[in-house]
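Now for the letters of each chain:
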Amino acid sequence: MRTLLAAVDGGSLSAASRALSTPLPTVTRRISDLETRLGVRFLVRHRRRLILTEAGEVFVAAARRILDALSEAERTAGGEYREPRGNLRVTAPIMFGKLHVAPIVHDFLAAYPPVTVSLILTDQIIDLDEAHIDVAIRIGPLPDSRLIARQAGKVRWTVCASPDYLRRRGEPTAPDGLPEHDCIAFEGLQRRRTWSFGEGPSETRVTIAPRFSVNTADAVVEAAAAGLGIARLMSYQVAEAIVEGRLKPLFPDQPVRPAPVSLVYPAEPVQPLKRRAFLDYVGPRLNRVLAQIEDAFR
């Protein structure tokens, strides 16, 4: 069944041979023997590709269910559902992951020696099923999906500048004064060159003309701290620089809609213990970290 599925998924017997690291004659013989034993044809060649017959489609669908059940049984027998063990694949935004997720993961690994973690840091949204991700940490509103989400806290957008820049250029008292100032754009999130303020009916948008733009948040922070202009970033990205006095937040009375920080994971009838342990360990600690970040702006 595995050989047949490898041929179907790869589109050819040669692809199955490469995927299984099995000689091509062996792949051909296995599928031929299966067809002979059942007295039915599963595959036909069409323009150098394999096409499933009607009987083949029925058999392949059943084979996938059987192999999935077998894989589940192997994980159970191997102890994945008796104690946390095995590899856990986690994804998070780059800067948030470096600053706040990785340190918690280090402590988690010390607490759970049988578990290993692959941490994928990217600002792109990864399909959890396709990339075999166990837990994704995401910032912002979540679309409706088949996934489960646990909220770990909130962050918010913050406009800030260095004390040196504000001494030289003056401090704007309201967002509508921003077009008169040098601004720094986070190229990854602000390509439209508009910053929004407030929420609901009172929301306003301000068009900026950036003097400097860059595609990583830490480079935006350093440019703002160096006095190049006014930047708009998430609170977790600038909290340290604000505490150190390198940056000063602007418009403290301006209402800002917070963005949720969520732990997102697939919905399964029985959650592997490694995932449950990770969620229970990381969630409360991440919540405390995010609360400390908010304290930096009070």
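Scroll up a little and you will see the structure.
Chemist: What's the story with the packing of aromatic side chains in this structure? I'm lost.
Modeler: In the structure shown here, the tally under the stated rule is seven aromatic pairs. Centre to centre, the rings of F108 and Y281 are 5.6 Å apart; their planes meet at 65 degrees, and the pair counts as edge-to-face. Placement of F108 in helix α5 (residues 94-111) and of Y281 in helix α10 (residues 273-295) is noted, with a sequence separation of 173 residues between them. Y281 carries the same exposure label as F108, and that label is buried. Over the ring of Y281 we find R285, and its NZ or CZ is 3.5 Å from the ring centre.

Chemist: Quick question: what am I supposed to make of the side chain of E35 here?
Modeler: Among the secondary structure elements, E35 is positioned in helix α3 (residues 24-38). Buried within the structure, E35 lacks any salt-bridge partner; R41 is the closest side chain of opposite charge, at an N-O distance of 4.4 Å. The contact partners of E35, leaving out residues within four places of it in the chain, are V40, R41, F42 and L43.

Chemist: Honestly, unusual backbone geometry in this entry has me stumped. Any pointers?
Modeler: It is generally the case that most residues other than glycine have a negative phi and that most peptide bonds are trans. Look at S21: it is not a glycine, yet its phi comes out positive at around 55 degrees. Structurally, S21 can be placed in the loop between α2 (13-20) and α3. Take S21: its relative accessible area is 68%, and that puts it in the exposed class. The phi dihedral of H132 falls on the positive side, at around 55 degrees, and the residue is not glycine. Considering the arrangement of structural elements, one finds H132 in the loop between α6 (128-131) and β5 (135-139).

Chemist: What is the right way to look at the pairing of strand β3 (residues 86-92) in this model?
Modeler: Every other side chain in a regular strand lies on the same face of the sheet, so the side chains alternate between the two faces. Direction of pairing for β3 relative to strand β4 (residues 115-121): parallel, over a ladder of seven bridges. Along β4, the bridge assignment pairs L88 with V117. Taking the sense of rotation as the criterion, the β-α-β connection linking β3, α5 and β4 turns out right-handed. Pairing of β3 with β5 involves two bridges; the strand directions are parallel. Residue V90 lies in a different strand from β5, and its bridge partner there is V135.

Chemist: Honestly, the sheet that holds strand β11 (residues 210-214) in this entry has me stumped. Any pointers?
Modeler: Sheets are built from strands paired through backbone hydrogen bonds, the pairs being either parallel or antiparallel. The strand order β11-β8-β12-β7-β13 describes an open sheet built from five strands, whose pairing is mixed. The sheet terminates laterally at β11 and β13 (248-249), the two strands that pair on one side only. Along the sheet, helix α8 (residues 217-225) contacts β8 (183-186), β11 and β12 (230-234); its crossing angle with β8, the most-contacted strand, is approximately 170 degrees. Running at roughly 120 degrees to β12, helix α9 (residues 235-243) makes contact with β7 (157-161), β8, β12 and β13 of the sheet.

Chemist: Would you mind showing me how to read the nonpolar core here?
Modeler: The tendency in soluble globular proteins is for nonpolar side chains to be buried as a group. In this structure, F96, F108, I137, V238, L247, F278 and L286 are the most contacted members of the largest nonpolar core, which totals 47 residues. With nine residues, α10 is the largest single contributor of residues to this core. With residues near it in sequence (within four places) discarded, I137 still touches T91, A92, P93, F96, V101, V261, S262, L263 and L286. One finds L5, L13, I31 and L50 within the second-largest nonpolar core, a separate group that totals 15 residues.

Chemist: Please explain the side chain of T91 as it appears in this structure.
Modeler: Among the structural elements, T91 can be located in strand β3. Beyond its immediate sequence surroundings of up to four residues, T91 is in contact with I120, T122, I126, I133, V135, A136 and I137.

Chemist: How should the environment of V238 be read in this particular structure?
Modeler: In this fold, V238 is placed in helix α9. Through-space distance from the C-alpha of V238 to that of V221 is 6.6 Å; in sequence the pair is 17 residues apart. Once you skip the residues sitting within four places of it in the chain, V238 turns out to touch T158, C160, V221, L233, L247 and F297.

Rules and cut-offs
Residues numbered from 1 in each chain as written. Predicted model: local features only at pLDDT ≥ 70, side-chain atom pairs only at ≥ 80, totals over all residues. Heavy atoms only, no water. Phe/Tyr/Trp six-rings, centres within 6.5 Å; stacked < 30°, edge-to-face > 60°. Helix = DSSP H or I, 4+ residues; strand = E, 2+ residues; numbered from the N terminus. Buried < 20%, exposed > 50% of the residue type's maximum accessible area, 1.4 Å probe, protein only. Lys NZ or Arg CZ within 6 Å of the ring centre and 35° of its normal. Lys, Arg positive; Asp, Glu negative; His and termini not counted. Salt bridge = Lys/Arg side-chain N within 4 Å of Asp/Glu carboxyl O. Contact = heavy atoms within 4.5 Å. Pairing = 2+ DSSP bridges. Right-handed = clockwise from strand over helix to strand, strands pointing away. Axes fitted to C-alpha atoms, helices over the stretch in contact; angles between N-to-C directions. Core = buried A, V, L, I, M, F, W, Y, C linked by side-chain atoms within 4.5 Å.

So far we have only geometry, and geometry alone does not tell us how the molecule works.
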